[in-house]
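Letter by letter, the chains look like this.
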Amino acid sequence: MDFTHPTYVILPIKPPVADQVLRIRERYGHPSPNPVEVTVAGSSGVDVLEPDQDPAAVVQALERIAASTPPFQTEFGEVRRFPGTHIYWLSLKDEAPFRALRERLKNSGIRFRPSPFPYHPHCTLQVRERSEEEAAELLRLRVPGTVVFDEIALAAEVVRENRPVEARILWTARLTGA
């Protein structure tokens, strides 16, 4: 394992809620087969992992965090759009556990590239320009159900012809809170 490709720390979302998100992505032509997840390091607030660090040390730090973080749950809120972009995303009704985990990652000794964007825990739905009608339709969507977060993972972009085509899971651990 190495971090030469952009590498993120994520919280995977499992079925049946993940299936609902995948159906929305398919309906609106989401361009990549990325996992259904909430990124805690790699998109905003804290960017991807610095590539020149020891993967074993990163995994050890993540294992300590996983062992001391109990599983948690929340529900999705409304669909939002990042200003000035074509990125539509599901908000989370309770952001506190994501923000706390992100702070622990920032203070873990793992090195991340800086990000100029504020952190908004979310699950991405669509990254493409839409007609006004489709945009309004997306913003009205809701994904019901409780989402249980009991796993943390490292995911890296798979790059072909200098373009990211998907994210691949490199490592996972259960959140146990022991």
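This text goes with the structure placed above it.
Chemist: Can you explain the packing of aromatic side chains? Please cite residues and give values.
Modeler: Applying the stated criterion across every chain yields a total of 4 aromatic pairs. Seen in terms of ring centroids, Phe72 and Phe149 are 5.4 Å apart; in terms of plane orientation they differ by 25 degrees. Their pairing is stacked. Of this pair, Phe72 sits in strand 4 (residues 72–81) while Phe149 sits in strand 8 (residues 146–149), and the two are 77 residues apart along the sequence. Accessibility assignment for this pair places Phe72 and Phe149 in one class, buried. Look at Phe82 and Trp89: their rings are 4.7 Å apart centre to centre, the planes differ by 25 degrees, and that puts the pair in the stacked class. An identical accessibility class is assigned to Phe82 and Trp89; each is buried. In this structure an aromatic cluster arises from ring pairing among Phe72, Phe98 and Phe149.

Chemist: Account for the sheet that holds strand 4, naming residues and giving values.
Modeler: Pairing is antiparallel across the open sheet formed by 4 strands, whose spatial order is 7-5-4-8. The strands lining the two open edges of the sheet, one partner per strand, are strand 7 (123–127) and strand 8. Taking the axes of each pair of neighbouring strands and ignoring which way they run, one obtains an average angle of 40 degrees across the sheet. Where strand 5 (residues 87–92) lies against strand 7, 4 bridges are found, and the strand directions are antiparallel. Counted as the bridge partner of Trp89 is Thr124 from strand 7. Across the face of the sheet, helix 4 (residues 132–140) comes into contact with strand 4, strand 5 and strand 7 while running at roughly 160 degrees to strand 4.

Chemist: How would you explain the packing of helix 2 (residues 55–67) against helix 3 (residues 96–106) if you had to name every residue and give the values?
Modeler: The contact between helix 2 and helix 3 brings their axes to 11 Å, and the two run at 145 degrees. For the pair helix 2 and helix 3, the sense of crossing is right-handed. Counted together, Leu62, Arg64 and Ile65 of helix 2 and Leu101, Arg104 and Leu105 of helix 3 form the full contact between these two elements. Along the lines of polarity and charge, the residues of the contact of helix 2 with helix 3 split into 4 nonpolar, no polar and 2 charged.

Chemist: An account of the nonpolar core is requested, with residue identities and associated values reported.
Modeler: Counting residues in each nonpolar core, the largest one holds 46 residues, and the members touching the most others are Val9, Ile13, Phe76 and Ile152. Of the residues forming this core, the biggest block, 6 residues, is contributed by helix 2. Ignoring any residue separated from it by four or fewer positions in sequence, one finds Ile13 in contact with Ala18, Val36, Glu37, Val38, Phe76, Cys123, Val147 and Phe149. In terms of nonpolar packing, the next biggest core, distinct from the first, is built from 6 residues, Tyr8, Val48, Ala153 and Ala155 among them.

Here is what the cut-offs are and how they apply
- Residues numbered from 1 in each chain as written.
- Predicted model: local features only at pLDDT ≥ 70, side-chain atom pairs only at ≥ 80, totals over all residues.
- Heavy atoms only, no water.
- Phe/Tyr/Trp six-rings, centres within 6.5 Å; stacked < 30°, edge-to-face > 60°.
- Helix = DSSP H or I, 4+ residues; strand = E, 2+ residues; numbered from the N terminus.
- Buried < 20%, exposed > 50% of the residue type's maximum accessible area, 1.4 Å probe, protein only.
- Pairing = 2+ DSSP bridges.
- Axes fitted to C-alpha atoms, helices over the stretch in contact; angles between N-to-C directions.
- Contact = heavy atoms within 4.5 Å.
- Left-handed = near helix turned anticlockwise from the far one by under 90°.
- Nonpolar A, V, L, I, M, F, W, Y, C, P; charged D, E, K, R; others polar.
- Core = buried A, V, L, I, M, F, W, Y, C linked by side-chain atoms within 4.5 Å.

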